[in-house]
Amino acid sequence: MRILLDNFTKKFGTLTVIDQMDLEIHSGEMIALLGGSGCGKSTTLFSICGIHKINGGRILFGDKDVTNITSQERNVGVVFQSFALYPHMTVEQNIGFPLKLRKESASEVKRKVDEIAEMVHIEALIHRRPGELSGGQQQRVALARALVRRPDVLLLDEPLANLDATLRLEMRSEIRRIQQETGITAVLVTHDQVEAMSMCDRIAIMDAGKIVQISEPREMYNNPVSDFVAGFLGSPPIAFLQGRITDGIFVEPSTGTKMPVNADIAKRANGGEVRVGIRPEFFQPGAGAAIKGRVSFIESQGRETLYNVTLPDGNILRSIQGSQSSARIGDEVEWGVDSSQMLVFGRDGMRL
Amino acid sequence: MGNSNAEIAASGRVSAPDLRGGAPQLTRLQKIGNSRHLGLYLMAPAFLFVVLFFVAPVLLTGVFGFTNMSTATGISGGAYLANQSSMRALRDKHDFGELADQINRVVFTIDEAGLEAAAQAGASAATLKELNAKFFGQSFGKRRDVERAIKTLDNRPSSTRAIKAISKHFERSVFNIRFDSADDLLAALNKFGISLDPQQQAAVIDVTYTGWVFTTDNFKRMISLPDTRTTLYNTLFYVFTTLILFNVGFALVLAISTHYMDAAPAGFFRSVWLLPRITPPVLYVLMWKWLAWDTGFISAVLGPFGIAPKNWMLDSPTNAWTFIILINGMVGASMGMLIFASAIKAIPTSLFYASEVDGATRAQQIRHIILPQLRFPILFITSYQTLSLLTSFEFILLATEGGPGGSTEVWALSTYFKALNNYAGSLEYGYGAALALVLVVVGVAMSILYLKLFDFKTLTAPPKIE
Ligand SMILES: Nc1ncnc2c1ncn2[C@@H]1O[C@H](COP(=O)(O)OP(=O)(O)OP(=O)(O)O)[C@@H](O)[C@H]1O
Ligand SMILES: [Mg+2]
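Caption draft 1: Structural context of the overall build of chain A. Each helix and strand counted, chain A has nine helices and 20 strands in total. Taken along its principal axes, the extent of the C-alpha atoms in chain A is 75 × 45 × 35 Å. In chain A, buried positions account for 53% of the 352 residues. Restricting the contact set of chain A to residue pairs at least 6 apart, pairs at least 24 apart contribute 66%. Accessible area of chain A: about 15,200 Å², with a carbon and sulfur share of 47%. Here chain A carries 40 positive and 43 negative side-chain charges, and the mean point of each set is 4 Å from the other.

Put into structure tokens, the structure is as follows:
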């Protein structure tokens, strides 16, 4: 079911947390709300499910205006960051709770609970209490409870934040599998860009209560609208250099390295101060505009190695290379920047 | 720890030659410092107070409960006294009615003391001498018999009045005379011509002893008296009605309703409900009394509607109970409210959010989320308040004094009246202690039960935080 946030505003007292947000989530799509801590992701989520009453604008499910409908009647499933399982109920009772509240018959509840438990692979745990489950198992129970009454919308508030790295990886694909199996419209709140990129059809990146960009993950990575978005996506992160573009060439101030930019950008930025972003995969030995620096940090990530190269003025470029590379800390290197892949931002941080 | 002690010990030894007399002090200090019993030393004063103010009273209650101490017996030893009531007891309890009559009766005995007293009073020596010679040692059951005997004397006085005056000196009775020992009493009886077989002796000693004795009569009496049953029912009614309606029920209503309010009004309401608790009890009850007096608030308000003023509190047992339960409940609810409110606060907000999106209405939220989480606090308040309601009677004493007509007299109050304070002024310490003992036993039994219950519950309680 399509969700539409139309001019939606949320305030806590005098503090405006979300200011006139517009967001359309397509039916059957899984979208990520990605942003730093305190930017209003949970607030948006809680407004969609009706826990928070909104202060302005409308929320539509399909064509139905649900702005003034209570959360009890919105038919949304929510997975909370802390899972919020009822500690005094068994797994079975937890999952069956939404059905029980709807006064469905015991046999019906049992059938549906069994079905959903099978789907999230917790059939064997059904008689335990939440306190007797591991984090990942609790996660699955929370998911099952959110899904059991076939909600129109599934909302996930940092569902993986409390899990360890391996479990997180497993649950990522697990949640995505279930979302695709059920075809449910889902919103995933996260501050982990990897999670957002790997799980979702689209990402809405948020900053201070506003959506900065909505795109498919790859598109957003390749074409960020601002340096904020560029900085948020990518691991290891993009590196920025400050400088000027004159006659179609960006000159790195501390080394004087010349990096040509494409004509379109050159025209828009001519003579102006700019910020260029260079992703680690485009700063490699023996290609593009060679720039000198000293290796200041090396991090082996197994298959690949990350190098920080400090320029004379202290700016840092990052490079990610296959393990064949042999540079060591303190080495003077001269690697090349693929300036055609450089992202150029104006002084306001917006992409040129 | 062991190391540092060793160091101190070593330094103590080193410094000993320098500081004369310093070493032994240091070792004593170390001994205490090293001691595993240091805690016990520190606890000793508290332990002493516990013994003095808790254990001792309970033990004394236990002892007193098995005596017949009262104002009449005193709390030290007693004397042997034949009087109306002891003779009634002799008749009723031991079925020695005849003996009682006999002891009750005045006898006249011609004896040394009588002769001497008569001589002192100025009776003629010749008369007394002849009386001595003819009748010495004889007893007469009636005054007329003595007088007739005197009249038979050669040297008898001329006037009837003089005869009466002499006979008066030979009047003998144990009646209303306190004897320090049972033997004295028996000897006196014997002297007056009343000789007793061993069974009768035991009975007489039993009924005439005015001091206290050990007995289980208190408990027999407790069981047989219909008053006991009334008091018991009163107590059960009082404890459970107050508990269910207020200490738990109303406290829950307050805690849950303030939970759903905004912070400011919620805080205000909670403070309001704390007021009765922090008002001095005497003042607090006085305000209730003022409310109910025949010149008080209720009467004043109802007056214009043609309802005659009356004391609404003491008007009928129903009214009295209503007031008693309100007075106690208003105070009792605050504790439950605080405990329940903080327990509700401890429930993670996300549980409320989750239940909301799961479709729970407020009532369902209370039923399925809040109440299950309050199981432990409710159990705690129930047990704590049962005990405190069982033993507290101060509000009833201040408000109705158990009235009207004893209809609001609960066990603790009745104990107080029996043992420490009543209109008649005859205090039955023993019986009161026996009543109190019942409370102590019930209280201790319930405490043990609750402790067991709580321990068990805390061990098996599901984790409160996910
Ligand atoms: N109930 C509330 N009352 C007042 N302010 C609130 C409340 N809830 C959230 N806020 C504020 O609103 C802003 C957004 O909060 P929100 O919880 O939506 O952040 P978030 O993006 O989910 O952050 P995080 O990643 O840390 O969970 C924060 O500044 C927060 O302090
Ligand atoms: Mg959040």
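And the narrative resumes.
Caption draft 2: Inspection of the side chain of E195(A) at higher detail. Residue and element names in this part refer to chain A. Of note, E195 is situated in helix α6 (residues 193-199). Put simply, E195 is tucked away with no salt bridge, and the nearest opposite charge, on R168, sits 5.0 Å away. When neighbours within four sequence positions are excluded, E195 is seen to be in contact with L160, R168, R172, L188 and T190.

Caption draft 3: Quick look at the site of ligand 1. All names here are of chain A. Taken together, F12, V17, G36, S37, G38, C39, G40, K41, S42, T43 and E158 are the residues near ligand 1. A distance of 2.8 Å separates an oxygen atom of ligand 1 from a polar backbone atom of G38. E158 places a polar side-chain atom, nitrogen or oxygen, 3.1 Å from an oxygen atom of ligand 1. Relative to its unbound accessible area of 630 Å², ligand 1 is 59% covered by the protein chains.

Caption draft 4: Region of the structure containing the domain arrangement of chain A. All names here are of chain A. Domain annotation for chain A reports domain 1 (3-229) and domain 2 (236-345). Each of domain 1 and domain 2 has a C-alpha centre, and these two points are 39 Å apart. If you look at the interface, domain 1 gives five residues, while domain 2 gives six residues. Buried area between domain 1 and domain 2, summed over both chains or domains, comes out near 510 Å², and the portion from carbon and sulfur atoms is 52%. Its salt-bridge partner being D227, residue R275 comes within 2.6 Å of it at the nearest N-O pair. At the boundary of domain 1 with domain 2, the tally comes to three residue pairs in polar contact (both at pLDDT 80 or more). Looking at the side of domain 1 that touches domain 2 residue by residue, the classes come out as two nonpolar, two polar and one charged.

Caption draft 5: Spatial organisation of the interface of chain A and chain B. On the side of chain B, 20 residues touch chain A, which itself brings 27 residues to the contact. Summed over both partners, the interface of chain A with chain B comes to about 2,000 Å²; 62% of that surface belongs to carbon and sulfur atoms. At the surface where chain A touches chain B, the tally comes to one salt bridge. Here R145(A) makes a salt bridge to D358(B), at a shortest N to O gap of 3.6 Å. Remark: the boundary between chain A and chain B carries nine residue pairs in polar contact (both at pLDDT 80 or more).

Caption draft 6: Here's a closer look at the side chain of T415(B). All names here are of chain B. Along the chain, the position of T415 falls in helix α22 (residues 411-419). A residue is classified by how much of its surface remains accessible, and T415, at 10% relative accessible area, is buried. Setting aside anything within four residues of it in sequence, one finds T415 in contact with L420, G432, L435 and A436.

Caption draft 7: Quick look at the pattern of salt bridges. Residues and elements named next belong to chain A. Here the structure, examined in full by the defined rule, presents 31 salt bridges over all chains. A salt bridge links K112 to E108; the shortest N-O distance between them is 4.0 Å. Of this pair, K112 and E108 both sit in helix α3 (residues 106-119), four residues apart, roughly one helical turn. Across the pair R244 and E273 runs a salt bridge whose closest N-O atoms are separated by 3.4 Å. Pair noted here: R244 is in strand β11 (residues 239-246) and E273 is in strand β14 (residues 273-278), with a separation of 29 residues, a long-range link. Ionic contacts of the salt-bridge type, sharing partners, join the residues E104, E108, R111, K112, E115 and R150 into one network.

Caption draft 8: Representation of the sheet that holds β14(A). Residue and element names in this part refer to chain A. Spatial ordering of the open sheet is given by β13-β12-β11-β14-β20, a layout of five strands whose pairing is antiparallel. A strand with exactly one partner marks an edge of an open sheet, and here the two such strands are β13 (258-260) and β20 (343-345). Across the sheet, the mean angle from the axis of one strand to that of its neighbour is 40 degrees, orientation sign disregarded. Here strand β12 (residues 249-251) pairs with β13 via three bridges, running antiparallel. Paired with V251 across the two strands is K258, which belongs to β13.

Quick notes on the rules
- Residues numbered from 1 in each chain as written.
- Chains lettered and ligands numbered in written order.
- Predicted model: local features only at pLDDT ≥ 70, side-chain atom pairs only at ≥ 80, totals over all residues.
- Heavy atoms only, no water.
- Helix = DSSP H or I, 4+ residues; strand = E, 2+ residues; numbered from the N terminus.
- Buried < 20%, exposed > 50% of the residue type's maximum accessible area, 1.4 Å probe, protein only.
- Contact = heavy atoms within 4.5 Å.
- Areas by Shrake-Rupley, 256 points an atom, 1.4 Å probe, with all protein chains shown as cover.
- Lys, Arg positive; Asp, Glu negative; His and termini not counted.
- Charge placed at Lys NZ, Arg CZ, Asp CG, Glu CD.
- Salt bridge = Lys/Arg side-chain N within 4 Å of Asp/Glu carboxyl O.
- Near = heavy atom within 4 Å.
- Polar contact = N/O pair within 3.5 Å; in protein donor to acceptor, adjacent residues only side chain to side chain.
- Domains from an automatic or database assignment.
- Buried area = accessible area lost by both parts, 1.4 Å probe.
- Nonpolar A, V, L, I, M, F, W, Y, C, P; charged D, E, K, R; others polar.
- Pairing = 2+ DSSP bridges.
- Axes fitted to C-alpha atoms, helices over the stretch in contact; angles between N-to-C directions.

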